[in-house]
Amino acid sequence: MALRELVVRSVEPFAGGRAWDAAGPYEMVRCAVRYEVDPDDPANAGITDLRLAPRDAAGRVAFAGDLQLLRPQTAAAGNGGVVVEVPNRGGWRLPYELPAGDGFLLRHGWTVAWCGWQWDIERGGGQLGLTVPDVAAGGSVRVEFQPLEACAEHPLDRDLPGRAGRAVYPAADIAQPDAAMYVREPATGRRTLVRRELWRFATAGSVRLDGGFSPDWIYEVVYRTDRCPVVGLGLLAVRDAVAHLRTQGYDRLHVFGVSQSGRFLRQFLYHGLNLDEAGRQVFDGVHAHVAGARRGEFNARYGQASVAHAPGFCDLPPFDASGLLAEQRRRGGVPKVLLTNSAWEYWRGDAALGHIAGGVDVADDPDVRMYLLCGGDHLGGAPGLPGSPPVRNPCNDLVFAPLLRAAFVNLDRWTRQDVAPPSSRVPRVSEGTAALREAVWDALGRVPGFERPSVLPHLFEVGLGPEAGVGVGRYPVALGAPYPVWVPAVDAGGNDVGGLRLPDLSVPVATITGWNAATTGVLAMYRGSRMDLARTREQRLRAGDPRPSVEERYRDRGDFEQRVREATNGLVADRLLLAEDVEAVVASCLRRWAI
């Protein structure tokens, strides 16, 4: 067992001791964990630079992190299962919650666990992280940024919780003449070298450019640093912490990751890490949410776990589920996998790569279910992120958490009772529910008032050099051709088809999209749009709106509510919605009628 020591730091009542139905009150248990792994064990063979790390007398590599458990105070009151949420940049939350918070997992008796895995998170203060060893390795780090506004000086990386602007990879020497800066066009990927005399390191953690940095361009800095952590130990921390939980009497363990953490789970599966050093299966079910079809810099030399959009290790194939699971199938211990994406990940340019290749639908994997959450954006109805540019269209407020809850229940039944979930529902070329982004763009462009981004992102084929297969990149990244961008086709109302549709879309009073336009002209970061339908036919014709109006669709509010309830009950019958969430979904639609 690679988890060598677990020290309980504190045990506190949760939510003031509130009882959660039959599970009763919960307690929050905060722990410090020490790990030791054998670099020569085949189970750890894929971790970049692990063999270079310092070893103890027994030949093992040590590292330490945080573990947090939310469990019933009375163990017998729980259901015997654990849901692990992979922290996103050190932060944690309760998965599968509605916006108001209703303790879904707690009411059903689940224990919830969070395991620190990210080495560059400052541990403490509520953030969960990991402390890993550094190694002596050559090469350079690449840092990329696109300013939100014009500025004379820019940090070498984005701020992370608790770091207060300190660079993750400080420059080893601020005078280094062999460092390089490039400027790149966002749309084409065309790159230009900036003459060295025009820029400099202002500090070990920031750079200055004569004339300043512009928000219209992407900047890359390639330089030497004096840090080289074994980034991939975060993958082993999650594996070994959860393997320990399985020895504590829990009979099923699932894991959930959102965005960055969902890409982390794709990386975990890609390396075949769902077996511990003893060959025991770790997770029964894996749910990666809004991860698109990408992975991340979670197991690379000089990896930056919080990088989301810089071309590199994030963008390497395989993208499809069967390719992702190939190594796990070779080793054994394949879990059941749930991959859910909003429409935003399609418009970003990568989600469709998970099931469309060369313009042809990829066959479904028998151990995987994939669902598009039609009309959803990356945030699922939550407010925008602090510091994001304002948007031009009214914001999408679609809450798709009810669909995720049903999908999770189906995943659990799949692992416990071998009851297969509903089939994958994603846009298909063969069914006409997938379309190239430009075609849908043209259709939505006929809706008056809809403002579109002037620049849309692409995912490019990337070249990282001959050692990319072992997690060592060559920078700057060579950019090849852009991948075609397939997105959901839309119906006459401009709403997505080809995935899971809440009645907000199937019985609409608005067009709800996964994309929005930032005031800077680019695709808005994570936000979607909502454009209400005209109330009357006269208003529609006067505005030149091609979408049928509200009065052309429904006799009155009673007719609208009846259709909403019919659509909602249909989702329940198809096992795509839980009966306990029907009234919340109906109420959301009725609020839209009143807008």
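Refer to the preceding data block for the structure.
The residue count restarts for each chain, going from 1 along the sequence in the order it is written. This being a predicted model, a pLDDT of at least 70 is required before a residue's local features are given, and a value of 80 or more before pairs of side-chain atoms are given or counted; all residues contribute to the totals for chains, interfaces and linings. Note that water and hydrogens are dropped before the side-chain values are worked out from all heavy atoms of the structure.

A. Here's a closer look at helix α2 (residues 233-246). The helix and strand labels rest on DSSP assignments: H or I over at least four residues marks a helix, E over at least two residues marks a strand, and numbering proceeds from the N terminus. For a helix, the expected span equals 1.5 Å multiplied by the number of residues minus one. In this model, α2 (14 residues) spans 20 Å end to end at C-alpha, consistent with the 20 Å of a helix rising 1.5 Å per residue. The buried label applies to any residue whose accessible area, calculated with a 1.4 Å probe on protein chains only, is under 20% of its type's maximum; exposed applies above 50%, and partly exposed to all values in between. Of all 14 residues in α2, 13 are buried, a share of seventy percent or more.

B. Quick peek at the sheet that holds strand β11 (residues 199-203). Any two strands are treated as partners once DSSP identifies two or more bridges connecting them. Spatially, three strands are ordered β8-β12-β11 in an open sheet, and the strand pairing comes out antiparallel. Only two strands of the sheet have a single neighbouring strand rather than two, namely β8 (151-155) and β11. The average undirected angle you get between the axes of adjacent strands in this sheet is 35°. Sheet topology places β8 next to strand β12 (residues 206-213); four bridges connect them, and they run antiparallel. Note that in β12 the partner of H154 across the bridge is V207. Each axis is a line fitted through C-alpha atoms, and for a helix only the stretch in contact is used; angles between axes span 0 to 180 degrees, taken between their N-to-C directions.

C. Geometry of the sheet that holds strand β13 (residues 218-223). Spatially, four strands are ordered β7-β13-β9-β10 in an open sheet, and the strand pairing comes out antiparallel. Each of the sheet's edge strands pairs with one partner strand only, and the pair in question is β7 (141-145) and β10 (191-194). Sheet twist, expressed as the mean angle between neighbouring strand axes with direction ignored, is 25°. Where strand β9 (residues 180-184) meets β10, four bridges bridge the pair, whose relative direction is antiparallel. The residue of β10 that forms the bridge with R184 is R191.

D. Broad picture of the packing of α2 against helix α3 (residues 260-270). At a closest axis distance of 11 Å, the pairing of α2 and α3 adopts a crossing angle of 85°. Comparing their axes, α3 and α2 come out roughly perpendicular. Every residue of α3 that contacts α2 at G234, L235, V238 and R239 is listed here: F264, Q267 and F268. Any angle that is under 35 degrees is reported as roughly parallel, and any over 145 degrees as roughly antiparallel; angles of 65 to 115 degrees are reported as roughly perpendicular and all others as oblique. Contact definition: two residues touch when any of their heavy atoms are within 4.5 Å.

E. A look at the side chain of T225. By secondary structure assignment, the location of T225 is in the loop between β13 and α2. The exposure class assigned to T225 is buried, which follows from its relative accessible area of 12%. The definition of a polar contact used here is a pair of N or O atoms within 3.5 Å, where within protein one atom must be able to donate a hydrogen and the other to accept one, and adjacent residues in sequence count solely through side-chain atom pairs. Within the local environment of T225, its side chain forms a polar contact with the backbone oxygen of P170, the two atoms lying 2.6 Å apart. Polar side-chain contacts of T225 include one of 3.4 Å to the backbone nitrogen of R227.

F. Molecular detail of empty space enclosed by the protein. Two kinds of site are reported from a 1 Å grid over the protein atoms alone, namely cavities, where a 1.4 Å probe fits but cannot get out, and pockets, open sets with protein on both sides within 12 Å along at least five of seven lines, and residues are called lining when an atom falls within 4 Å of a point. Grid points are joined across faces, edges and corners, and a volume is the space filled by probe spheres set on the points. Inspection of the entire model under this criterion finds four cavities of 30 Å³ or more. There is about 60 Å³ of room inside the largest cavity. Along its surface, the largest cavity is lined by D320, A321, S322, G354, H355, V362, A363, D364, D365, M370 and R428. Per-class residue counts for the lining of the largest cavity are four nonpolar, three polar and four charged. Amino acids are sorted into nonpolar (Ala, Val, Leu, Ile, Met, Phe, Trp, Tyr, Cys and Pro), charged (Asp, Glu, Lys and Arg) and polar (every other residue, Gly among them).

G. Structural detail: the pattern of salt bridges. By convention in these notes, a salt bridge is any Lys or Arg side-chain nitrogen within 4 Å of a carboxyl oxygen on Asp or Glu. The tally for this structure, following the rule as stated, stands at 57 salt bridges. In this structure, the salt-bridge partner of R93 is E85, at a minimum N-O distance of 3.7 Å. With relative accessibility at 45%, the residue R93 sits in the partly exposed group. The salt bridge involving R555 is made with D559; its shortest N-O contact spans 3.7 Å.

H. Region of the structure containing the packing of aromatic side chains. Pairing of aromatic rings covers Phe, Tyr and Trp, the last through its six-membered ring, and needs centres within 6.5 Å; plane angles under 30 degrees mean stacked, over 60 mean edge-to-face, and all others mean tilted. Per the stated rule, a full pass over the model turns up 26 aromatic pairs. Here the aromatic rings of W92 and W114 are separated by 4.8 Å at their centres, their planes lie at 55°, and the arrangement is tilted. Of this pair, W92 sits in the loop between β4 (81-85) and α1 (104-107) while W114 sits in strand β5 (residues 111-115); the two residues are 22 residues apart in sequence, bridging distant segments of the chain. Geometrically, the ring pair formed by W119 and Y169 is tilted, given 5.4 Å between the ring centres and 55° between the ring planes. Of this pair, W119 sits in the loop between β5 and β6 (130-131) while Y169 sits in the loop between β8 and β9; the two residues are 50 residues apart in sequence, bridging distant segments of the chain. For the pair shown, W119 and Y169 are each scored as buried. Comment: the charge-over-ring label is applied if NZ (Lys) or CZ (Arg) is within 6 Å of the ring centre and within 35 degrees of the ring normal. Taking NZ or CZ as reference, R295 lies 3.8 Å from the ring centre of Y270, over its face. The ring of W593 has R535 lying over it, and the distance from NZ or CZ to the ring centre is 5.2 Å.

I. Layout of the environment of R542. You can see R542 is positioned in helix α10 (residues 537-543). It is 24 Å that separates the C-alpha atoms of R542 and F560, two residues lying 18 residues apart in sequence.

J. Summary view of a nonpolar patch on the surface. Patch members must show over 30% relative accessible area and no salt bridge, and they are joined within 9 Å when carrying like charges or within 5 Å when they are nonpolar side chains of Val, Leu, Ile, Met, Phe, Trp or Tyr. Accessible areas in this description were obtained via Shrake-Rupley with a 1.4 Å probe; residue shielding takes into account the shown protein chains only. Taken together, the side chains of L6, V8 and V11 present a nonpolar region at the surface, about 220 Å² in accessible area. By the secondary structure assignment, V11 is in strand β1 (residues 3-13). Taking relative accessible area as the criterion, V11 reaches 46% and is therefore assigned partly exposed.

K. Main features of the nonpolar core. What is meant by a nonpolar core is a set of buried Ala, Val, Leu, Ile, Met, Phe, Trp, Tyr and Cys residues, joined one to another through side-chain atoms within 4.5 Å. Formed by 156 residues in total, the largest nonpolar core has its most connected members in Y223 and L233. Among the elements that make up this core, the one with the highest residue count is α2 (eight residues). With sequence-adjacent residues up to four places away left out, L233 is seen in contact with V37, I47, L50, V61, F63, L130, V132 and P133. With 11 residues, the next largest nonpolar core counts A180, A300, L464 and A468 among its residues.

L. Quick peek at the pairing of strand β2 (residues 26-37). A large share of β2 lies buried, amounting to 10 of its 12 residues. For β1 and β2, the ladder comprises nine bridges, and the chain directions are antiparallel. If you follow L6 over to β2, its bridge partner there is V33.

M. Molecular detail of the side chain of R89. Examined against the element boundaries, R89 turns out to sit in the loop between β4 and α1. Only four residue types enter the tally: Lys and Arg on the positive side, Asp and Glu on the negative side, with His and both chain ends excluded. For the buried R89, which has no salt bridge, the nearest side chain bearing the opposite charge is D120, at an N-O separation of 8.2 Å. At a separation of 2.9 Å, a polar atom in the side chain of R89 contacts the main-chain carbonyl oxygen of S306.

N. Region of the structure containing the environment of L70. Along the chain, L70 turns up in strand β3 (residues 61-72). Separated by 226 residues in the primary sequence, L70 and G296 have C-alpha atoms spaced 28 Å apart. In this view, L70 contacts F14, Y26, E27, M28, L94, L106, W110, T111, V112 and W114; residues no more than four positions away in its chain are not counted.

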